[in-house]
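Coordinate inspection notes
Okay, here's what each chain looks like letter by letter:
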Amino acid sequence: MSLVVTDTLEDERVEFTADGDVTLYVCGLTVSDDPHLGHARLWFHADVLHRWLEHVGYDVRHVENVTDVNEKITARVGERDDWAAERDVAETFTASVFDAMRGLNLKRAEVYPRVTEHVPEILDLVETLIERGYAYESNGSVYFDVTSFDGYGKLSNQEVDALEAQGEPDERSEKRNPADFALWKADGVSETAAREHAKHDHGAETPDGETWDSPWGEGRPGWHVECSAMSTTHLGDTLDVHMGGRDLVFPHHENEIAQSEAATGEAFARHWLHVGLLEMDGEKMSSSIGNFWTVPDALEELGVNVVRTFYAGAAYRSEQALTEETITEAEERWERLSRTYDRAVGALDSTESRTKAADADLREAADAARGDFAAAMNDDLNLREATAALLDLTDAVNRHVDAVDEAGDGDANSESAYDYRGLREAVEAFEELGGDVLGLQFESTSDGDVDLAGELVELVLDVREAEREAGNYERADELRDALQEVGVEIEDGPDGATYRFE
């Protein structure tokens, strides 16, 4: 089955196509604050797409930009003593972004181009658009004429005549059409924009940001043109995949298409994939609103595996809610996967794992998990179903290990021996599909002797029984609850307590 994705431009599910290497461009962050889980949702889904494409045999050239020129960055100049200029603020939060990416176990992009490194390419693109009649200079600024590009509005399904004005109010007198957008802005950041985004009192002196020389005078690049210049510089005129948040469809990505295709005469991207927003307290997670959870804080509290399992709980194209319930579900799913992986590794590496022991159900479950996982991934990256395929495999592994543990010692061909081949196939499925594709980090705590865990449980049960005999029932209940929290199910009977690993 071929990979099918939901393409925003086509407004339907389409078969994924690429010639040779896959070129993947991801709209990166404006580095004006620490990244939060809303930003990281796009990172995660781009990362899983990257991983899946590599898993099925593609070489992936992944580029993700860093927007280090923006009025939101300039607005924070002076907020700290070491933030004397726009670049100082940008460097601080660029480092924060990279730290968060590494903490989330993301595959590295081929390059992370920055706007400040690509001003010459931006100027070349703007000059090309003027020469071809798609852009015009006005009072030292340059604007793209949306009426000059026949396909304008095709990504967002809008008509040019129905579009509202783009850009800041002070631009409107300079533009031919209200919907035209800036490719180059004369001078620096306006005082109004700097104060609007400020998180502190600038006092009498408002920072105006960095500027560069251009054929039209001193100024700064427009937001939209930056991505077109950086993506085409590193990946060529036509991208295989362009990914970004759903909130960027208009105007950002619509404008990218217009200026890129007007400049090159080629289709800008074969596939447009947009990731739905992360919601918290019923609203889009946003630094400006204040309803956000930073990536470092979330990783510290939940760990990378729970965060990634949470993201895998919803389709990339839909919105996702961050609630106590969705986090609890992610914790439970990861705990089930991790605990079962650990049991499987322990049984596989134990002396009771035998070459001739065979559990047909376990082997069939490992094969089924691979097939179901692939079918789910090819079905528009259905990560919830892909995770469910691995969870189904945990059931088969636990049934097998439980059956052998309950049977006790026996010869190599009896049901009391672990199926080495079946367990190896299960462990490899967890590592390849859950690890390599979903980016989960499986780390076995087993030393190869699964009997050790049982011995420790029995020791705790002996202590519990002693507490009960002494009348310390509250303490005995605490020991039972502690065992259940780590996945040991206790059942009291007339002959004493028995247990099983969940």
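Above this note sits the structure.
To keep things clear, this report deals only with the structure shown in the data block. This one's a predicted model, so the numbers in the text were calculated from it and none came from an experiment.

Concerning the overall build of the protein chain
Within the protein chain, the regular secondary structure consists of 15 helices and 17 strands. Expressed as lengths along the three principal axes of its C-alpha atoms, the size of the protein chain is roughly 90 × 50 × 35 Å. A total accessible area of about 22,500 Å² is found for the protein chain, and carbon and sulfur atoms account for 43% of it.

Some details on the sheet that holds strand 11 (residues 278-280)
Ordered in space as 12-11-13, the three strands form an open sheet in which the pairing is mixed. Only two strands of the sheet have a single neighbouring strand rather than two, namely strand 12 (283-284) and strand 13 (320-321).

Section: the environment of Phe268
Within the fold, Phe268 resides in the loop between helix 7 (249-264) and strand 10 (269-275). For the pair Phe268 and Asn305, spaced 37 residues apart in sequence, the C-alpha to C-alpha distance is 35 Å. Leaving out residues up to four positions away in the same chain, Phe268 has contacts with Ser231, Thr232, Asp237, Thr238, Leu239, His242, Glu256, Ile257, Ser260 and Glu261.

Side note on helix 6 (residues 223-235)
When the terminal C-alpha atoms of helix 6 are compared, their 19 Å separation across 13 residues agrees well with the 18 Å that a helix rising 1.5 Å per residue should span. All of the buried residues along helix 6 are His224, Val225, Glu226, Cys227, Ser228, Ala229, Met230, Ser231 and Leu235. Just downstream of helix 6, Gly236 is the residue with a positive phi angle, here 95°.

A short note on the packing of aromatic side chains
Counted by the stated rule, this structure contains 15 aromatic pairs. When the centroid spacing of 6.2 Å and the interplanar angle of 10° are considered together, the rings of Tyr134 and Phe144 count as stacked. Residue Tyr134 is found in the loop between helix 4 (119-131) and strand 5 (135-138), and its partner Phe144 is found in strand 6 (residues 141-144); the two are separated by ten residues along the sequence. Taking the centre distance of 4.8 Å and the plane angle of 45° together, the rings of Tyr341 and Phe442 count as tilted. With Tyr341 in helix 10 (residues 324-348) and Phe442 in the loop between helix 13 (420-437) and helix 14 (451-469), the pair connects residues that are 101 residues apart, well separated along the chain. In terms of burial, Tyr341 and Phe442 fall into one category: buried. Through a chain of ring-to-ring contacts, three or more aromatic side chains come together here, namely Trp334, Tyr341, Phe430 and Phe442. Above the face of the Tyr136 ring, Arg176 is positioned so that its terminal group lies 4.0 Å from the ring centre.

Overview of the pattern of salt bridges
Tallying each qualifying case throughout the model produces 31 salt bridges. Residue Glu425 is joined to Arg421 by a salt bridge in which the shortest nitrogen-to-oxygen separation is 3.1 Å. One end of the pair, Glu425, and the other, Arg421, are both in helix 13, four residues apart, so they sit about a helical turn from each other.

Describing the nonpolar core
Among the nonpolar cores identified, the biggest contains 92 residues, and Leu37, Met243 and Phe373 are the most heavily contacted of them. Those residues in contact with Leu37 that sit more than four places away from it in its chain are Leu278, Met285, Trp293, Val295, Ala298, Val307, Tyr311 and Leu322. Counting residues in hydrophobic clusters, the runner-up holds 40 residues, among them Ala135, Trp184, Ala263 and Phe268.

Observations regarding a negative patch on the surface
A contiguous patch of negative charge on the surface is contributed by Asp297, Glu300, Glu301, Glu331 and Glu332. Those elements that provide at least two residues to the negative patch are helix 8 (295-302) and helix 10. If one sorts the elements of the negative patch by residue count, helix 8 sits on top with three residues. With respect to the helices, strands and loops of the structure, Glu332 is situated in helix 10. Residue class for Glu332 comes out exposed when judged on its relative accessible area of 53%.

As for the state of the cysteines
Applying the stated criterion to the full structure yields zero disulfides. Left without a disulfide partner, Cys27 is nearest to the cysteine sulfur of Cys227, which lies 3.8 Å away. With relative accessibility at 2%, the residue Cys227 sits in the buried group.

Some details on the pairing of strand 3 (residues 22-26)
A large share of strand 3 lies buried, amounting to five of its five residues. Of the two faces of strand 3, the one holding Val22, Leu24 and Val26 and the one holding Thr23 and Tyr25 are both buried throughout. In the classification by handedness, the crossover that spans strand 3, the intervening helix 1 (residues 37-55) and the parallel strand 4 (residues 60-64) is right-handed. Relative to strand 9 (residues 239-245), strand 3 runs parallel, the two being bridged by three bridges.

Here's the deal with the side chain of His62
Considering the arrangement of structural elements, one finds His62 in strand 4. Judged by relative accessible area, His62 falls into the buried class, the value being 5%. In terms of polar contacts, His62 uses its side chain to reach the side chain of His50, at 3.1 Å. Leave out the neighbours within four places in its chain, and His62 touches Leu24, Val26, His50, Ala109, Glu110 and Val111.

Examining the pairing of strand 10
Of all seven residues in strand 10, six are buried; the element is thus mostly enclosed. For strand 9 and strand 10, the ladder comprises six bridges, and the chain directions are parallel. The residue of strand 10 that forms the bridge with Gly244 is His274. You can see the chain leave strand 9, run along helix 7 and come back into strand 10, and the turn it takes is right-handed.

Rules behind the numbers
Numbering of residues begins from 1 in every chain and follows the order in which that chain's sequence is written. Whole-chain, interface and lining totals are the exception, using all residues; otherwise, since this is a predicted model, local features are given only for residues with pLDDT of at least 70 and side-chain atom pairs are given and counted only at 80 or more. The basis for the side-chain values is all heavy atoms of the structure; hydrogens and waters are excluded. Per the convention used, a helix needs a DSSP run of H or I reaching at least four residues, while a strand needs a run of E reaching at least two, with both numbered from the N terminus. What sets the accessible areas is the Shrake-Rupley method with a 1.4 Å probe; for residues, cover comes only from the shown protein chains. We call two strands paired when DSSP finds no fewer than two bridges between them. Contacts between residues were defined by any pair of non-hydrogen atoms, one from each residue, lying within 4.5 Å. In this scheme, a helix's expected span is set at 1.5 Å multiplied by one less than its residue total. Buried, partly exposed and exposed residues are distinguished by accessible area as a fraction of the type maximum, computed with a 1.4 Å probe on protein chains only: under 20%, between the cut-offs, and over 50%, respectively. Stacked, edge-to-face and tilted are the three classes for Phe, Tyr and Trp ring pairs, Trp counted by its six-membered ring, which pair at centre distances within 6.5 Å; planes under 30 degrees apart are stacked, over 60 edge-to-face, the rest tilted. Consider the ring centre and the ring normal. A charge sits over the ring if Lys NZ or Arg CZ is within 6 Å of that centre and within 35 degrees of that normal. Criterion for a salt bridge: a side-chain nitrogen of Lys or Arg within 4 Å of a carboxyl oxygen of Asp or Glu. The criterion is simple. A nonpolar core is a set of buried Ala, Val, Leu, Ile, Met, Phe, Trp, Tyr and Cys residues joined through side-chain atoms within 4.5 Å. A patch consists of residues whose relative accessible area exceeds 30% and which take part in no salt bridge; residues with like charges are grouped when within 9 Å of each other, and nonpolar side chains (Val, Leu, Ile, Met, Phe, Trp, Tyr) when within 5 Å. In this tally, Lys and Arg are treated as positive and Asp and Glu as negative; His is ignored, and so are the chain termini. In this description, the location of a charge corresponds to atom NZ of lysine, CZ of arginine, CG of aspartate or CD of glutamate. Put simply, a disulfide is two cysteine sulfurs that come within 2.5 Å. Every crossover in which the path from the first strand over the helix to the second runs clockwise, viewed with the strands pointing away from the viewer, is termed right-handed. Polar contacts, as counted here, are pairs of nitrogen or oxygen atoms within 3.5 Å of one another; within protein the pair requires one atom able to donate a hydrogen and one able to accept it, and residues that are adjacent in sequence qualify only if both atoms are side-chain atoms.

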